[in-house]
Amino acid sequence: IAKRTNTSVASISRFCKKLGTSGFKEFKAQLGTALNIHMLSSNQNISDFITEESTDIELLERIGTLQKKAISATQLSLSTQLINQVVHEIENSKEIYGIGISDSFIKLIDFQNKLLKINRFLKISFLQPEQTFLSAQSTSEDVAIVISYSGRSAEVVNACKILVQRGTYIIALTSDLDSPVKKMADLVIPLPKTKETDELRKSLFAEATVNFTINIIYAALYRSNFKGNQEYITLTKDKYLNK
């Protein structure tokens, strides 16, 4: 690229950083993802997503395409700096809290299960209205993972207000950057906003974005102490499970 533009490798690197990436490698990855999203969008027949007459083959193809589109869009919204900051805040917190309702709460249960495997615990309340009391236990030494695709769910907004009063660091996963949850968060992981109007498409798209983001956070936490986490899982299985 430097040769074809009559510039230098350093100039290309600076250009990539001005675009908000860490360098050429990340720029290339994001460009590939953007092109992938464009191709998926162009090939997807939105007006005929799923009908009563849809065949099993059409379900497989269209749901797969929608999830690929959601994951690719989420990849674009994430950056290495953002993920590293999330890992830093979680690793330096005393306790980790999880706030969310409905489908988002199910993702928190999944995240809790993942964290157990690397010797960490996510505090959640299975009686979701009781998240008020859960939030009131947090302190300025803790971090809260708040998941709300709309960023406007009343229970979540109320919990965030309490977390702010308690001085708890809030990491919010939301698609609405004008929402109350976003405004109260210390760190926002922007989920891609869908233009879908069909409720099935909207829910499947949102679910895929949240699920992918949670998996990335977990993988990054696992990587930060890779050998230690592998040893912990192996030793725990050998001592308590593989008998």
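Look a little higher up for the structure.
Residues numbered from 1 in each chain as written. Predicted model: local features only at pLDDT ≥ 70, side-chain atom pairs only at ≥ 80, totals over all residues. Heavy atoms only, no water.

Colleague: Sorry if this is basic, but what is going on with the sheet that holds strand β3 (residues 143-147) here?
Modeller: Working definition: the strands of a sheet are paired by backbone hydrogen bonds and lie parallel or antiparallel to each other. The parallel open sheet is built from 5 strands, whose spatial order is β2-β1-β3-β4-β5. The open sheet is flanked by β2 (122-123) and β5 (187-190), the only strands paired with a single partner. Where strand β1 (residues 96-99) meets β2, 2 bridges bridge the pair, whose relative direction is parallel. Within β2, the residue paired with Ile96 across the bridge is Leu122. Contacting β1, β2 and β3, helix α5 (residues 102-116) crosses the sheet at an angle of about 140° to β3. (Pairing = 2+ DSSP bridges. Helix = DSSP H or I, 4+ residues; strand = E, 2+ residues; numbered from the N terminus. Contact = heavy atoms within 4.5 Å. Axes fitted to C-alpha atoms, helices over the stretch in contact; angles between N-to-C directions.)

Colleague: Explanation requested: the pairing of β1 in the structure shown.
Modeller: Moving residue by residue along a regular strand, the side chains alternate between the two faces of the sheet. Both faces of β1 are covered, namely the face carrying Ile96 and Gly98 and the face carrying Tyr97 and Ile99. In terms of handedness, the path from β1 via α5 over to β2 forms a crossover that is right-handed. (Buried < 20%, exposed > 50% of the residue type's maximum accessible area, 1.4 Å probe, protein only. Right-handed = clockwise from strand over helix to strand, strands pointing away.)

Colleague: Looking at this structure, I do not really get the layout of surface pockets. What am I missing?
Modeller: Over the atoms rolls a probe the size of a water molecule, and in doing so it shows where empty space is left. Here the largest pocket is characterised by a volume of approximately 440 Å³. If you go around the largest pocket, you meet 17 residues; those closest to its centre are Gln75, Leu78, Ser79, Thr80 and Ile83. Mapped onto the lining of the largest pocket, the elements with two or more residues apiece are α2 (24-43), α3 (56-77), α4 (80-91) and α9 (199-224). Here the lining of the largest pocket is composed, by residue class, of 8 nonpolar, 6 polar and 3 charged. By volume, the second largest pocket amounts to about 310 Å³. Those elements that place two or more of their residues in the lining of the second largest pocket are α5 and α9. A total of 5 residues in the lining of the second largest pocket trace back to one element, the largest contributor, which is α9. Split by residue class, the lining of the second largest pocket holds 6 nonpolar, 7 polar and 4 charged. (1 Å grid on protein atoms, 1.4 Å probe; cavity = no way out; pocket = protein on both sides within 12 Å on 5 of 7 lines; lining within 4 Å. Points joined across faces, edges and corners; volume = space filled by probe spheres on them. Nonpolar A, V, L, I, M, F, W, Y, C, P; charged D, E, K, R; others polar.)

Colleague: When you look at the packing of aromatic side chains in this model, what are you seeing that I'm missing?
Modeller: On inspection of all chains with the given rule, the structure shows 5 aromatic pairs. When the ring of Phe15 is compared with that of Phe27, the centres are 6.5 Å apart and the planes differ by 70°; the resulting orientation is edge-to-face. Here the residue Phe15 occupies a position in helix α1 (residues 9-18), and Phe27 occupies one in helix α2, the gap between them amounting to 12 residues. Residue classification places Phe15 among the partly exposed residues on the basis of a relative accessible area of 46%. Each ring, one from Tyr218 and one from Tyr222, has its centre 6.1 Å from the other, and the planes form 70°; the classification is edge-to-face. Note that Tyr218 and Tyr222 are positioned in helix α9 at a spacing of 4 residues, about one turn of the helix. When sorted by exposure, Tyr218 lands in the same class as Tyr222, which is buried. Members of the aromatic cluster, connected to one another through ring pairs, are Phe15, Phe24 and Phe27. (Phe/Tyr/Trp six-rings, centres within 6.5 Å; stacked < 30°, edge-to-face > 60°.)

Colleague: Any chance you could explain unusual backbone geometry here in plain terms?
Modeller: Leaving glycine out, the prevailing phi sign among residues is negative, and the prevailing peptide bond configuration is trans. Backbone geometry at Ser102 places phi at a positive 55°, although glycine is not the residue there. Summarising the element assignment, Ser102 is placed in helix α5. Within the chain, Asn119 stands out as a residue other than glycine whose phi angle is a positive 65°.

Colleague: What is the right way to read the pattern of salt bridges from this model?
Modeller: Any two side chains of opposite charge can pair, given that their charged atoms come close. Taken as a whole and assessed by the stated rule, the structure comprises 5 salt bridges. Residue Arg62 pairs with Glu58 through a salt bridge whose shortest N-O separation is 3.9 Å. You can see Arg62 and its partner Glu58 sitting in helix α3, 4 residues apart, about one turn around the helix. On the basis of relative accessibility, which here comes to 11%, the residue Arg62 falls in the buried class. (Salt bridge = Lys/Arg side-chain N within 4 Å of Asp/Glu carboxyl O.)

Colleague: Explain the environment of Gly151 to me, please; I cannot follow it from the model alone.
Modeller: Looking at the element boundaries, Gly151 is found in the loop between β3 and α7 (154-166). C-alpha separation for the pair Gly151 and Leu122, spaced 29 residues apart in sequence, amounts to 21 Å. For Gly151, the contacting residues outside a window of four places in its chain are Val157, Thr174, Ser179, Pro180 and Val181.

Colleague: Explain the packing of α5 against α9 to me, please; I cannot follow it from the model alone.
Modeller: Helix-helix packing is characterised by the crossing angle of the two axes and by the distance between the axes. Contact geometry for α5 and α9: axes closest at 11 Å, N-to-C directions at 15°. Considering their axes alone, α5 and α9 lie roughly parallel with respect to each other. Judged by the twist between their axes, the crossing of α5 over α9 is right-handed. Contacts between α5 and α9 involve Lys107, Asp110, Phe111, Lys114 and Leu115 from the former and Glu207, Val210, Asn211, Ile214, Asn215, Ile217, Tyr218 and Leu221 from the latter. Split by residue class, the contact of α5 with α9 holds 7 nonpolar, 2 polar and 4 charged. (Parallel < 35°, antiparallel > 145°, perpendicular 65-115°, else oblique. Left-handed = near helix turned anticlockwise from the far one by under 90°.)

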